[in-house]
Amino acid sequence: MSHLIIQPSDVASDWKFAVVLKAKLPAGVAINAGTHTALGLAAKAAAEHPELAAKMSFLNFPDADGGTHAPISGLSLIVLEGRAAGLRRFRAEASAAGLLVNDFVSAMTGDTYAEQLQRVAALPEAELEYYAVAAFGRRDELDPLTKKFSLWK
């Protein structure tokens, strides 16, 4: 990832991240789902869309002692909440708009990853319960898709 760390003057400020969490999830579940989704979004960009990974504007934040705190994006990352139907719609609309999208569903919790893989594989998409959906894209494309959601509390 070090090759993706840029200089502050190169931050692509017309891009942003959005993570939408299912409303009323317990805080620990919401943080787990949102974090996994955001990590996966960055990994997806690095593996499948390196041109987008570069737009994620990862910076090194040096401290006064010479320590480094990197990579951290210099872009906005907004965390929102919405009802289950809203998350499903956001995922579909963001995908249709060509934005980079990743998600986390309820079947991905508990047990080991092996059991989680089996549970997800056994469910059609219409039966998945989305806990988090993350997207990355240009502000002017992403903002209209997120305006119906509230800030996560």
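Each value, and the rule that gives it
Here the residue numbering is sequential within each chain, running from 1 through the sequence in written order. pLDDT decides what is reported in this predicted model: residues at 70 or higher carry local features, side-chain atom pairs at 80 or more are listed and counted, and totals for whole chains, interfaces and linings draw on all residues regardless. Note that the side-chain values use all heavy atoms of the structure and ignore hydrogens as well as water. A helix here means a DSSP run of H or I that spans at least four residues, while a strand means a run of E at least two residues long, and both kinds are numbered starting from the N terminus. Polar contacts here mean pairs of N or O atoms no more than 3.5 Å apart (in protein, one a potential hydrogen donor and the other a potential acceptor; neighbouring residues in sequence count only if both atoms are side-chain atoms). It only takes one pair of heavy atoms within 4.5 Å for two residues to be counted as in contact. Nonpolar cores are built from buried Ala, Val, Leu, Ile, Met, Phe, Trp, Tyr and Cys residues. Side-chain atoms within 4.5 Å join them into one set. In this scheme, a residue with accessible area under 20% of its type's maximum is buried, one over 50% is exposed, and one in between is partly exposed, where area comes from a 1.4 Å probe on protein chains only. Within this document, salt bridges are pairs made up of a side-chain nitrogen of Lys or Arg and a carboxyl oxygen of Asp or Glu, the two lying within 4 Å of each other.

- By the naming in an unreviewed UniProt entry, the chain is DUF2000 domain-containing protein, taken from Streptomyces alanosinicus.

## As for the side chain of Ser 73
- Its location among the elements puts Ser 73 in strand E3 (residues 72-73).
- Within the local environment of Ser 73, its side chain forms a polar contact with the backbone oxygen of Met 56, the two atoms lying 2.6 Å apart.
- Here the side chain of Ser 73 touches Leu 75 through a polar contact of 3.1 Å, landing on its backbone nitrogen.
- Excluding residues that lie within four positions of it along the chain, Ser 73 makes contacts with Phe 17, Met 56, Ser 57 and Phe 58.

## As for the nonpolar core
- In this structure, Trp 15, Phe 17, Leu 41, Met 56, Leu 100 and Phe 136 are the most contacted members of the largest nonpolar core, which totals 23 residues.
- At the level of secondary structure, the elements contributing two or more residues to this core comprise strand E1 (15-22), helix H1 (27-48), helix H2 (50-55), strand E5 (100-105) and strand E6 (130-138).
- What Leu 41 contacts, discounting residues up to four positions off in sequence, is Phe 17, Met 56, Leu 100, Val 101, Asn 102, Ala 134, Ala 135 and Phe 136.
- The next biggest cluster of nonpolar side chains, apart from the first, holds 17 residues, and it includes Val 20, Leu 99, Leu 142 and Phe 149.

## Brief notes about the pattern of salt bridges
- Taken as a whole and judged by the stated rule, the model has 7 salt bridges.
- Put simply, Arg 138 and Asp 14 hold a salt bridge, and the shortest N to O gap is 2.6 Å. A residue pair is termed long-range when its members are at least 10 positions apart, and Arg 138 in strand E6 and Asp 14 in the segment before E1 qualify at 124 residues.
- As a salt-bridge pair, Glu 125 and Arg 88 come within 2.6 Å of each other at their nearest N and O atoms. Of the two residues, Glu 125 sits in the loop between helix H4 (113-121) and E6 while Arg 88 sits in helix H3 (residues 84-96), which places them 37 residues apart along the sequence.
- Among the residues examined, Glu 125 registers a relative accessible area of 36% and is labelled partly exposed.
- If you follow the salt bridges from partner to partner, you end up with Arg 88, Arg 91, Asp 103 and Glu 125 in one network.

## Brief notes about the environment of Leu 52
- Note on placement: Leu 52 falls in helix H2.
- Apart from residues no more than four positions distant in its own chain, Leu 52 is found in contact with Trp 15, Leu 100 and Phe 136.

## Section: the side chain of Ser 57
- For Ser 57, the position within the fold is in the loop between H2 and strand E2 (58-59).
- Judged by its relative accessible area of 0%, Ser 57 falls in the buried class.
- Among all residues touching Ser 57, those that are not within four sequence positions of it are Ile 6, Asp 10, Val 11, Ala 12, Ile 72, Ser 73, Gly 74 and Leu 75.

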